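Close look at the chain arrangement
Next come the chains, spelled out residue by residue.
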Amino acid sequence: MKHLIANWKMYVDTRGGVALARELLRICRGRDVLPDIIVCPSFPALSEMQKALARSRVRLGAQDAFWANDGAHTGEVGPQVLKDLGVSAVIVGHSERRRELGETDAMVAKKCEAVLGAGLTAILCVGEDRAERAAGQTREVVERQLHLGLANVTARDSIRLFIAYEPVWAISGSGNAEPASVEDVVMALVHIRETLAAMFGPSAAAIPLLYGGSVSGENAYTYLREDCVDGILLGGASVKVHQLSEIVEAALRAMKGGTAL
Ligand code: PGA
């Protein structure tokens, strides 16, 4: 199975999101086999999106969640409320939140714990920035983010975990971004798999590992055809119907072992 996570960021409003969801359902219609598709709109769109995706195989996700389910936390949204809205997965520790809002590994750890504790899937984002890459620190940055971000996660809860390798310099919103090479992605994912195995034992083999950063309809298949790439975390391309359609095709082709559809 390949996984496609559509991180809509602040690209679409509620009306645009519902329209996009309809297009996505049209792309999926009539297909026996589909990749696992999770759409993550911004919070205010969740309830309309839940209606739009009801009775479909496309799942609803959220872009963040707070680490508590209730209490005095102005402006925050807890995992349980998201679950009640039909959300089944939550992105945690996206680099835009780490950078723009100062989210630390300690906060990320509490969020992962809370999301998994609510019975939801946590999609933890890790990845080095440009300076860290230039300094040859990719492995140690990713390893540190995994150890600290998953500090409170047990092997039992890790079965609901996804890890997205998203090098910051490859994310399209970050200015002069370029997609990571397939070799870089494979190297990072192999290292992530080894680190998770050391942390969680044999159950780590089942944790889906994703790549994210400037993935498009043109390059999606080059990543997805790699066995170690279990899926893609999409940003910009996930709000463009044509791109989305090509990426779904690429995932299906990869799931069929590369044969033409
Ligand atoms: P991008 O974003 O596909 O637009 O580079 C990926 C992400 O931020 O998750």
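Model, not experiment: these values are computed from the prediction. (Residues numbered from 1 in each chain as written. Predicted model: local features only at pLDDT ≥ 70, side-chain atom pairs only at ≥ 80, totals over all residues. Heavy atoms only, no water.)

Some points on the site of the ligand
The cut-off we apply is this: Nearness here has a simple test: a residue counts as near a molecule or strand if at least one of its heavy atoms is within 4 Å of that partner. Throughout this description, a polar contact denotes any pair of N or O atoms lying within 3.5 Å of each other; where both atoms belong to protein, one of them has to be capable of donating a hydrogen while the other can accept it, and for residues adjacent in sequence the pair is counted only when both atoms sit in side chains. The Shrake-Rupley method, run with a 1.4 Å probe, gives the accessible areas here. Residue values count only the displayed protein chains as cover. In this count, Pro and Cys sit with the nonpolar residues alongside Ala, Val, Leu, Ile, Met, Phe, Trp and Tyr, while Asp, Glu, Lys and Arg are called charged and the others, Gly among them, polar.
Not every one of the 13 residues close to the ligand is listed here, only the nearest: Lys9, His94, Glu166, Ser172 and Ser214. Residue Lys9 places a side-chain N or O atom 2.7 Å away from an oxygen atom belonging to the ligand. Glu166 has a polar side-chain atom sitting 2.7 Å from an oxygen atom of the ligand. Relative to its unbound accessible area of 280 Å², the ligand is 99% covered by the protein chains. In terms of residue class, the shell around the ligand is built from 4 nonpolar, 7 polar and 2 charged.

Re the nonpolar core
Test applied: Joining through side-chain atoms within 4.5 Å is the link that ties buried Ala, Val, Leu, Ile, Met, Phe, Trp, Tyr and Cys residues into a set, and such a set is a nonpolar core. Note on classification: 1.4 Å probe, protein chains only; a residue is buried when its accessible area is under 20% of the maximum for its type, exposed when over 50%, partly exposed between these limits. Throughout, a residue-residue contact means that at least one pair of heavy atoms, one from each residue, lies within 4.5 Å.
Counting residues in each nonpolar core, the largest one holds 72 residues, and the members touching the most others are Leu150, Ile163, Ile192 and Leu196. In this structure Leu150 touches Cys112, Leu124, Gln145, Leu161, Ile163, Leu196, Met199 and Phe200, once residues within four positions along its chain are discounted. Core analysis: the next-biggest nonpolar cluster, separate from the first, contains 11 residues, Ile91, Phe162, Leu210 and Leu233 among them.

As for the packing of helix H1 (residues 14–28) against helix H10 (residues 241–255)
Formally: To obtain an axis, a line is fitted to C-alpha atoms, over the contacting stretch when the element is a helix, and the angle between two such axes runs from 0 to 180 degrees between their N-to-C directions. Think of it this way: any DSSP run of H or I at least four residues long counts as a helix, any run of E at least two long counts as a strand, and we number them from the N terminus. Crossing handedness follows the turn of the near helix against the far one: under a right angle anticlockwise gives a left-handed crossing, and clockwise gives a right-handed one.
It is at 10 Å that the axes of H1 and H10 come closest, and there the two elements cross at 35 degrees. Considering only the axes of H1 and H10, their crossing is right-handed. Contact with H1, carried on its side by Leu20, Glu23, Leu24, Arg26 and Ile27, involves Val241, Leu244, Ser245 and Val248 of H10 and no other residues of that element. Partitioning the contact of H1 with H10 into residue classes produces 6 nonpolar, 1 polar and 2 charged.

Brief notes about helix H7 (residues 138–149)
Going by this rule: Under the convention used throughout, the expected extent of a helix is 1.5 Å for every residue step, that is, one less than its residue count. Think of it as the arc spanned by the lines of direction from the helix axis to the C-beta atoms.
Between the first and last C-alpha of H7 there are 16 Å, a value that for 12 residues agrees with the 16 Å anticipated at 1.5 Å per step. Among all positions in H7, only Val141, Val142, Gln145, Leu146 and Gly149 are buried. Seen from one end, H7 has its buried residues packed into an arc of 130 degrees, which puts them on one side. Facing away from the buried side of H7, by more than 90 degrees, are the exposed residues Arg139 and Glu140. As for H7, its buried residues are in contact with helix H4 (95–101), helix H5 (105–117), strand E5 (121–126), helix H6 (130–134), strand E6 (161–165) and helix H8 (182–200).

Some remarks on the pattern of salt bridges
Put simply, the rule reads: We define a salt bridge as a side-chain nitrogen of Lys or Arg found within 4 Å of a carboxyl oxygen belonging to Asp or Glu.
Throughout the structure, instances matching the rule amount to 15 salt bridges. Salt-bridge contacts for Lys51 lead to Glu48; the nearest nitrogen and oxygen are separated by 2.9 Å. One end of the pair is Lys51 and the other is Glu48, both in helix H2 (residues 46–53) and 3 residues apart, which spans about a single turn. We classify Lys51 as exposed; its relative accessible area is 51%. A single salt-bridge network, built from bridges that share partners, covers Asp64, Arg97, Glu103 and Lys111.

Comments concerning the packing of aromatic side chains
Here a ring pair, both rings aromatic, is described through the centre-centre distance and the interplanar angle of the planes. How we decide: To pair, rings of Phe, Tyr and Trp, with the six-membered ring standing in for Trp, must have centres within 6.5 Å; the planes then decide the type, stacked if under 30 degrees apart, edge-to-face if over 60, and tilted in the middle. For a lysine, the NZ atom is tested; for an arginine, the CZ atom; a charge sits over a ring if that atom is within 6 Å of the ring centre and within 35 degrees of the ring normal.
Counting across every chain of the model gives 2 aromatic pairs. Taking the centre distance of 4.7 Å and the plane angle of 35 degrees together, the rings of Tyr211 and Tyr223 count as tilted. Of this pair, Tyr211 sits in strand E7 (residues 209–212) while Tyr223 sits in helix H9 (residues 220–224), and the two are 12 residues apart along the sequence. Judged by its relative accessible area of 3%, Tyr223 falls in the buried class. The ring centre of Tyr221 lies 3.8 Å from the NZ or CZ of Arg253, which sits over that ring.

Observations concerning the pairing of E6
Let me state the cut-off plainly: Between any two strands, at least two bridges found by DSSP are needed for them to pair.
Along E6, 5 of the 5 residues are buried, which leaves the element largely enclosed by surrounding structure. Both faces of E6 are covered, namely the face carrying Leu161, Ile163 and Tyr165 and the face carrying Phe162 and Ala164. Sheet topology places E5 next to E6; 5 bridges connect them, and they run parallel. Along E6, the bridge assignment pairs Ala122 with Leu161. In the sheet, E6 pairs with E7 via 3 bridges, with the strands oriented parallel. Bridge pairing in E7 links Ile163 to Leu209.

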